[in-house]
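Chains, contacts and geometry: an overview
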Amino acid sequence: MMNKFNRILTYVSVVLFAACETEYFPSTDIYEKQLTVESYLELSNETVPPFCILTSSIPYTSGLDTGVINNIYVRGAQVSVEYNNQKVILQEFCLSQLQEPFRSELIRQFGFDPDSVQTDFCAYLDIAREIVLQPGDFYTLEIVFNGDTTRSIAQMPLYNNIDSFWFEKPPGRNNNDTFAQLYCIISDNPLVADYYRYYTAGQGERLIPDLNSVTDDVFFDGKSFEFSLFKARGLDEEFDDNTGLFRRGDTIRVKWCNIPKEHFQFWNSLEASRTRQGPFSSYVRIEGNIPGALGIFGTQHCRTYTLIVPKE
């Protein structure tokens with residue numbers, strides 16, 4: 001009986017591994033181009049102007065180079081933000097149309113080095129910062145393009161400060177004088193469900209979100225909570241023994257944000273999808289909040305802190 005079971009198990013294993021050898025290419029025959037939206041309103045001590053980036057989706061099998069990227073930006077749309085019976089029209093800007101030093105300054109506000117940007121980036125901006133951002137207020141993004149109107153609503157959340165920061169020697173093999181682990185304490189608001197997102201920047205680096213940048217307060221609702229805050233790791237950065245640690249003596253920045261539930265669900269599902277790899281992983285559907293389109297219209301209430309990592 002046991003030998004028969006082993007033969008069956010061997011047969012099933014061979015079939016499974018043989019099935020994995022065939023490379024699958026999704027069909028593009030039924031592909032339908034969709035509008036993709038990335039738009040944030042950020043209330044912060046360091047912030048970019050309210051913006052909306054509109055692009056067209058491309059098939060899974062498409063190549064990706066500078067020419068493709070330049071051609072996916074959606075031009076000529078009417079984009080506005082409504083709040084408190086007011087309406088602000090966002091102005092369309094493309095980098096190729098801007099003169100210096102305005103071009104470089106705008107790129108820096110988005111956290112990039114002007115010399116490293118090679119594409120003709122386009123966005124719709126409240127460059128004069130007419131939109132008044134207040135905690136608790138609701139904001140409606142409206143996009144009119146090719147006769148279609150898309151609307152999405154987001155509320156600006158309250159903000160929970162980080163009460164304190166400190167650094168300690170990391171455990172294990174990194175227990176040395178070169179790197180340090182950052183720790184924090186926050187006092188979570190007991191009256192509402194809170195959702196958080198964070199970014200960090202080492203000395204001379206731009207702020208980036210971690211690969212797991214969001215969390216909710218399910219396990220510490222209404223409590224004073226102590227936790228370690230890891231240095232954010234970029235998508236192309238390899239994992240090593242010093243990942244998540246800060247170099248001693250550096251001046252670093254930490255950006256801590258409260259975000260609404262819809263914004264949390266978008267990033268949480270997107271970041272989860274990055275870890276689902278391999279032939280037996282389950283499919284993750286990204287949870288956007290733009291009816292009839294892909295993407296996110298989000299608000300975030302943030303503060304950026306500047307810290308010095310002690311030398312010892």
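So, here is what we can say about the structure in this document.

Basis of the calculations
Residues numbered from 1 in each chain as written. Predicted model: local features only at pLDDT ≥ 70, side-chain atom pairs only at ≥ 80, totals over all residues. Heavy atoms only, no water. Disulfide = S-S within 2.5 Å. Helix = DSSP H or I, 4+ residues; strand = E, 2+ residues; numbered from the N terminus. Buried < 20%, exposed > 50% of the residue type's maximum accessible area, 1.4 Å probe, protein only. Salt bridge = Lys/Arg side-chain N within 4 Å of Asp/Glu carboxyl O. Patch = residues over 30% accessible without salt bridge, like charges linked within 9 Å, V, L, I, M, F, W, Y side chains within 5 Å. Areas by Shrake-Rupley, 256 points an atom, 1.4 Å probe, with all protein chains shown as cover. Lys, Arg positive; Asp, Glu negative; His and termini not counted. Charge placed at Lys NZ, Arg CZ, Asp CG, Glu CD. Pairing = 2+ DSSP bridges. Axes fitted to C-alpha atoms, helices over the stretch in contact; angles between N-to-C directions. Phe/Tyr/Trp six-rings, centres within 6.5 Å; stacked < 30°, edge-to-face > 60°.

1. Section: the state of the cysteines
A full pass over the atoms with the stated rule returns two disulfides. Across the disulfide from Cys-94 sits Cys-122; the S-S distance is 2.0 Å. Between Cys-94 and Cys-122 the sulfur-sulfur dihedral comes to about 110°; the bridge is accordingly right-handed. You can see Cys-94 sitting in strand β5 (residues 91-94) and its partner Cys-122 sitting in strand β6 (residues 122-125), a full 28 residues away along the chain. In this pair, the class of Cys-94 matches that of Cys-122, namely buried. In this model Cys-257 forms its disulfide with Cys-302; the gap between the sulfur atoms is 2.1 Å. The S-S bond linking Cys-257 to Cys-302 shows a torsion near 110°; that makes this disulfide right-handed. Residue Cys-257 is located in strand β15 (residues 251-258), and its partner Cys-302 is located in strand β16 (residues 294-308); the two are separated by 45 residues in the primary sequence. Each member of the pair, Cys-257 as well as Cys-302, carries the same accessibility label: buried. Cysteine pairing for the protein chain, with bonded cysteines counted in sequence order: 1-2, 3-4.

2. Some thoughts on the pattern of salt bridges
Once their charged atoms are close, side chains differing in charge can pair, the charge on each being opposite to the other. The final tally for this structure, using the stated rule, is seven salt bridges. Here Lys-255 makes a salt bridge to Glu-42, at a shortest N to O gap of 2.9 Å. Within this pair, whereas Lys-255 is found in strand β15, its partner Glu-42 is found in strand β1 (residues 35-43), the two being separated by 213 residues in sequence. The partner of Arg-151 in a salt bridge is Glu-82, with the nearest N and O atoms 3.5 Å apart. Linking Arg-151 in strand β8 (residues 148-155) with Glu-82 in strand β3 (residues 78-83), this pair joins segments that are 69 residues apart in sequence.

3. Digging into a negative patch on the surface
On the surface, Asp-236, Glu-237, Glu-238 and Asp-240 cluster together to form a negatively charged patch. Tracing the backbone through its elements, the reader meets Glu-238 in the loop between β13 (224-229) and β14 (246-247).

4. A short note on the sheet that holds strand β11 (residues 195-201)
For sheets, the rule is that strands pair by backbone hydrogen bonds, running either parallel or antiparallel. Pairing is mixed in the open sheet, where eight strands are placed in the order β5-β6-β2-β1-β16-β15-β11-β12. Strands with a single pairing partner mark the edges of an open sheet, and in this sheet they are β5 and β12 (208-216). The mean inter-strand angle of the sheet, taken between neighbouring strand axes irrespective of direction, is 25°.

5. Some points on unusual backbone geometry
Unlike most non-glycine residues, Asn-85 shows phi in positive territory, near 65°. Phi angles above zero are rare outside glycine, and Asn-146 is one such case at about 55°. For Asn-146, the location among the structural elements is in the loop between β7 (138-145) and β8.

6. Examining the packing of aromatic side chains
Enumeration according to the criterion identifies 13 aromatic pairs in this entry. With a centroid separation of 5.9 Å and 85° between ring planes, the pair formed by Tyr-73 and Phe-121 is classed as edge-to-face. Residue Tyr-73 is found in the loop between α2 (66-72) and β3, and its partner Phe-121 is found in the loop between α3 (102-109) and β6; the two are separated by 48 residues along the sequence. Given a relative accessible area of 14%, Tyr-73 falls into the buried group. Judged by centre distance (4.3 Å) and plane angle (10°), the ring pair of Phe-220 and Phe-225 falls under stacked. Accessibility expressed as a relative area gives 7% for Phe-220, which makes it buried.

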